[in-house]
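Here is what each chain is made of, one letter per residue.
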Amino acid sequence: MNRNPTSRIELLQGTLDVLILRTLLAGPTHGHAIAKHIQRTSEDLLQVETGSLYPALHRLEAQGWIAASWELSDKGKRARYYRLTPRGRKQLATEQSKWEAFSRAMGLILNPAGEEGR
Amino acid sequence: MRWSRYFRRAKWDRERLEEIESHLEIETGENVASGMEHHQARAAARRDLGNASLIREAIYDMNTISFLGTLGRDLRHGLRALRRDPVFAVVALLTLAIGIGANTAVFSVVNSVLLKPLRYPKAEELVALRQVAPGAAGLASFAEGLRLSPSMYFTYGEHNRAFQSLGVWITGTANVTGLAEPEQVRTVDVSDGVLPALLVPPAIGRWLSAADQDPRGPERVMLSYGYWQRRFGGDPSAIGRNIRVDSRPREIVGVMPQGFRIVNADFDLIMPLAFDRGKLILAGFGFQGIARLKPGVGIQQADADVARMIPVWMDSWSNGPGTNPHFYETWKITPVIRPLKQEVVGSVSDVLWVVMGTIGLVMLIACANVTNLLLVRAEARQHELALRAAIGAGRARIMGSLLVESLLLSLMGGVLGVALAYGGQRLLLAIGPGNLPRLNEISIDPRTLAFTVLLSMLTGLLLGLIPALKYSGPKIAIALRGAGRTSGVSRERHRARNLLVVAQVAMALVLLVGAGLMIRTFQAMRTVDPGFTDARRLQTMRISIPDSLVAEPERVTRIQNEIVDKLAAMPGVSAVGFANEMPMEGFESAWDAIYAQDKTYSDGEIPPLRLYKNISPGSLRAAGTRIIAGRELTWQEVYSQRPVVLISDNLARELWGAPSAALGKRIREFEGMPWWEVIGVVQDVRENGVQAKAPETVYWPTMMKDLYGPGSLGAVRSVTIVARSQRAATEAFLKEIQQAVWSVNANLPVASVRTMEDIYDASLARTSFTLVMLGIAGAMALVLGIIGIYGMISYAVSQRTSEIGIRLALGAQQTQLRRMFVRSGLILAGIGVLIGLPAAIALMRLMKSLLFGISALDPITYAAVPMILVVAAVLASYLPARRAASVDPVDALKAE
């Protein structure tokens, strides 16, 4: 396993929410797979603490952005599958545009044009 | 959504467990796939997961509504605590249940009688047309103000601008024959406009209409629901049938719904007044007026409207040729219209509010007792509370849980209290004034229950607040160190409890002073000479001979005479007579002015109005009314129509200075009437109850010329017969009376059979009721106060056991110790008395309207009550003081 503690970035509560929503955009899946997906897609930089994953999933379900049901996994075992709801889709779009604006703002300050940059 | 998750938290938790398990399985599977051995894989997966319990707890917490969670915990905790201390629980619950129950019972009466609107549609538009005539001297001795005459009804009805509908009514009785045995029923006679004003539709049939008021038209009648059920079995075909009322057939046109009353009057029949307009004069002021205001019209406007119509009335009618209609201007007739509800409730509101106040005070005293109990408990639980504070409970949490406990206690007490209230309500109605208005409407309705809940919650908060404030504070260290085993006890701890006991004593003093004043009032009332003697052995009954049964007045009198003779012949009867009414019966006697022949009156001067009564020979003797000078009438004088009268003592003194001087003088009703000679002077009689002064009275015979206006001979047809006998009120006696009356005329029902004592007691009902209520409240307050002081001293003794031991060891005498504790009890009571006296003085002023013969500052009461309390305090502290004195010093010091 590629676990590099120093390069792991801590995830704040709000960021985990939007990552889960984005993961589910591709299709319904269960909790374990969501965590693995985030880890893989971020090239191992983002490691999801299982201790925060399930409470986050519960919270999102309470808000009505994801819905859940028990299904049989591809291994034949019972697992709880989560999927995005239309409201969740809207929330994802909102959050995503907020993040893009945020990172653009950060970029503008950290790499200012017109100043001597590296 | 939150709520559904809340109630299925357990299920969610199980699912989470399953979900975490499946997560572990998948992770383990992956680990195995990447080459680990099975249990190593599982261990790695476990490590990766972290703390499963934490995850489950986090989610469980998200599903909880924390407020409900703590509430549930506190409630369970509180119930457990109560079960552990059953004696406390029972005492506190009972005290609270009695307090809340009594208050609920009284409130239900106050609510139904005073607060609820009347049961007529849009009852706020209904008013009673009252009038006063301050210029008519003497009128103030009688009833309330000036009633309406029929001519006034026509004038007001036709010329008003303020009312939608208007009418007059009067209560009466009538004889119904032909159905079962002859029965005297209660009637309300109404003019047109009364039923439309009240707007209550009939249960079946229709209202009396304007056509039914035609004196020459067909005679109609309406029934009450109760009468319809009783006599017709609720048969709808009663409509259209005839019944014989006062020997005349009347057609039934409708039945009013159940519970319907005309203002306060309960009735069996409604009859039309059917005034003959052509024969009306200005006078005849005997009817009550009722009206419904037009929307948007206020009482002041209505008053102005009626005032405008009074001159119109004087112009439209006359009292006969040669009379001046405008003489009524001297009477200064003024309308004082008031809402119908006030009319219904009358003066009973004073009594009810006093009762409510006293029961409220008793509740406060009971609360003080329970608070003291809670304080003792909290003191004993200091250790537990301090521990909770030490492991992290905030002050608010501890206070919250203490408040929940006291709320639980008081709500449980409230539930018990409602059950007690049902019983209490019955008791109240049984001992209450029999003529309590709206009696049929009293019930425990939702508003009363809301009151109970509110009262319980307020009580709970109040009770819990003091212990909560005292014992949730940051004195943990002291408590944990080991429950205060210092040789002296912190004085501050006792301050709250002392204050409570002092407050109890003060409130008990107020109640006992109130009860004392009522006792003295009652005594004063009973010593007033009412004008008759030995009321218990004076049997009364009412008999009414309508003119449709016997037309000639003289025959009416002879029939009455015959009845009286038959009664006098019965064994055990010592005297019989009859009169138009007996004192305090409440039927309205007539009144008019009296002119004396030997006095001069200036032009247009009207002398003051006097009460006119009609009596038979022998009635004064039968009633035990003293004849101060002269003699009674004789039958011979009555039949020969000799113009002789008796007058009352106060009238004799007013006109001629002394009773003996009145004999032989002549008086008459007004100009043109013959002069009547005064042959006797009668003692003053309290016609309107012992609280009112005796009116100046003229006693006419029951058969006389000009009885109902100049010209014809008339006889009083509705009379009260009085018979003095040792056997009064026994069943056999009453049967014999019935037989005697029917042997004279089988069509005469005997009604209102009661003794003079019943009538007298009924007139005192308001006072005796208040007395009983205050007496009960005062007794409860005294008992609670004694318990309070006893508890306080007891507690002090148990707390100071070691100190007592030391004192005894150092040589203190037992009597010294006893005295010490009795003294502390006396000090508490003394301070309570000192605080209570000014409070009592201030509050008793509110009761002034209920007192008679004594002032609100009656010295005897104010001296006696503190003495009673002091004695009670000594008694209450003596027992624990004795216990203190019998403490074994060795045992006491051993516990150190």
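In this text the structure is predicted, and so the values were computed from the model without any measurement.

What counts, and where the lines are drawn
Residues numbered from 1 in each chain as written. Chains lettered and ligands numbered in written order. Predicted model: local features only at pLDDT ≥ 70, side-chain atom pairs only at ≥ 80, totals over all residues. Helix = DSSP H or I, 4+ residues; strand = E, 2+ residues; numbered from the N terminus. Rg over C-alpha atoms; globule rule 2.2 N^0.38 Å. Buried ≥ 20, exposed ≤ 12 C-beta atoms within 10 Å, placed from the backbone. Contact = placed C-beta atoms within 7 Å. pLDDT = per-residue confidence, 0-100. Pairing = 2+ DSSP bridges. Core = buried A, V, L, I, M, F, W, Y, C linked by C-beta atoms within 7 Å. Domains from an automatic or database assignment. Axes fitted to C-alpha atoms, helices over the stretch in contact; angles between N-to-C directions. Parallel < 35°, antiparallel > 145°, perpendicular 65-115°, else oblique. Left-handed = near helix turned anticlockwise from the far one by under 90°. Nonpolar A, V, L, I, M, F, W, Y, C, P; charged D, E, K, R; others polar. Arc of directions from axis to C-beta.

Enquirer: I'd love a proper account of the overall build of chain B, names of residues and values included.
Expert: A tally of regular secondary structure across chain B gives 29 helices and 26 strands. Since a compact globule built from 896 residues should have a radius of gyration of about 29 Å, the 38 Å found for chain B marks it as more spread out than a globular shape. For chain B, the C-alpha atoms occupy an extent of roughly 135 × 85 × 55 Å along the three principal directions. A buried classification covers 40% of the 896 residues belonging to chain B. Sequence-distant contacts in chain B: of pairs separated by 6 or more residues, those separated by 24 or more amount to 83%.

Enquirer: Can you explain the overall build of chain A? Please cite residues and give values.
Expert: Within chain A one finds four helices and three strands. If you list the helices and strands of chain A from N to C, you get α-β-α-α-β-β-α. The burial tally for chain A puts 25% of its 118 residues in the buried class. Partitioning the intrachain contacts of chain A with sequence separation of at least 6 by distance along the chain shows that 53% fall at a separation of at least 24.

Enquirer: Requested: an account of the confidence of the model for chain A, with residues and values cited.
Expert: Residue and element names in this part refer to chain A. Considering every residue of chain A, the mean pLDDT works out to 81; 85% of them sit at 70 or more. Ranking the elements of chain A by mean pLDDT puts helix α1 (residues 13–25) last, at 85, and helix α4 (residues 86–110) first, at 90. A low-confidence stretch, residues 1–7 stays under pLDDT 50, and its non-local contacts, those more than four residues away or across chains, total two contacts.

Enquirer: Account for the sheet that holds strand β3 (residues 78–84) of chain A, naming residues and giving values.
Expert: Residue and element names in this part refer to chain A. Read from one edge to the other, the open sheet built from three strands follows the order β1-β3-β2, with strand pairing classed as antiparallel. Because the sheet does not close on itself, it has two edges, and the strands there are β1 (29–30) and β2 (66–72). Relative to β3, β1 is paired through two bridges, and the arrangement is antiparallel. Pairing of H30 across the sheet is with Y81, part of β3.

Enquirer: Please provide a residue-by-residue account of the nonpolar core, values included.
Expert: Proteins that are soluble and globular tend to have nonpolar side chains buried together. Residue and element names in this part refer to chain B. By size, the foremost hydrophobic cluster in this structure holds 101 residues, and its most contacted members are V362, V505, A508, L509, L511, A781 and I789. If near-sequence neighbours (up to four positions away) are discounted, A508 is found in contact with I365, A781, L782, G785 and L869. Counting residues in hydrophobic clusters, the runner-up holds 58 residues, among them V127, I243, I270 and L273.

Enquirer: Tell me what's going on with the domain arrangement of chain B, and back it up with residues and numbers.
Expert: Each domain of chain B was delimited in the assignment, giving domain 1 (2–64), domain 2 (67–120 + 347–484), domain 3 (131–336) and domain 4 (546–747). Measuring from the centre of the C-alpha atoms in domain 1 of chain B to the corresponding centre in domain 4 of chain B gives 104 Å.

Enquirer: Explain the environment of P583 of chain B residue by residue, including any values.
Expert: Residues and elements named next belong to chain B. You can see P583 is positioned in the loop between β14 (573–579) and β15 (590–593). For P583, a count of 25 C-beta atoms within 10 Å corresponds to the buried category. Counting along the chain gives 176 residues from P583 to I759, while the straight-line C-alpha distance between them is 8.4 Å.

Enquirer: Would you mind going over the packing of helix α6 (residues 86–115) of chain B against helix α12 (residues 348–380) of chain B in detail, with residue names and values included?
Expert: A pair of packed helices is characterised by two quantities: the angle between their axes and the separation of those axes. Residue and element names in this part refer to chain B. The contact between α6 and α12 brings their axes to 9 Å, and the two run at 160 degrees. In this view, α6 runs roughly antiparallel relative to α12, as classed from their interaxial angle. Crossing of α6 over α12 shows left-handed handedness. Each residue belonging to the contact of α6 with α12 can be placed in one class, and the counts come to 23 nonpolar, six polar and one charged.

Enquirer: Describe the interface of chain B and chain A, and please don't skip the residues or the numbers.
Expert: By a widely used convention, the size of an interface equals the accessible area lost when the partners come together. Across the contact, 17 residues belong to chain B and 14 residues belong to chain A. Of all the elements in the fold, those that place two or more residues in the side of chain B that touches chain A are α2 (9–33), α3 (38–49) and α4 (52–63) of chain B. Each residue belonging to the side of chain B that touches chain A can be placed in one class, and the counts come to seven nonpolar, five polar and five charged.

Enquirer: Residues and numbers for unusual backbone geometry, please.
Expert: Residue and element names in this part refer to chain B. Not every positive phi belongs to a glycine, and K332 is a case in point at roughly 50 degrees. When you line up the elements, K332 lands in the loop between α10 (299–316) and β11 (334–335). Accessibility expressed as a C-beta count within 10 Å gives 12 for K332, which makes it exposed. Here the phi dihedral of S752 falls at roughly 50 degrees; this positive angle occurs in a residue that is not glycine. Inspection of the secondary structure puts S752 in strand β26 (residues 751–755). You can call S752 partly exposed: it has 15 C-beta atoms within 10 Å.

Enquirer: Explain helix α13 (residues 382–390) of chain B residue by residue, including any values.
Expert: Residue and element names in this part refer to chain B. Considered for burial, the residues of α13 that qualify are L385, A386 and A389. An end-on view of α13 places all buried positions within 100 degrees of arc, on one side of the element. Summarising the geometry of α13, the exposed residues directed more than 90 degrees from the buried face are E384 and A390. Within two residues after α13, G392 carries a phi angle of roughly 120 degrees, on the positive side.

Enquirer: Kindly report on the packing of helix α25 (residues 765–799) of chain B against helix α28 (residues 859–885) of chain B, identifying the contributing residues and their values.
Expert: All names here are of chain B. The contact between α25 and α28 brings their axes to 8 Å, and the two run at 25 degrees. When the axes of α25 and α28 are compared, the pair comes out roughly parallel. Between α25 and α28 lies a crossing whose hand is right-handed. Contacts between α25 and α28 involve L782, G785, I786, I789, Y790, I793, S794 and V797 from the first element and A872, A873, L875, A876, S877, L879, P880, A881, R883 and A884 from the second. Among the residues making up the contact of α25 with α28, the classes are represented as 14 nonpolar, three polar and one charged.

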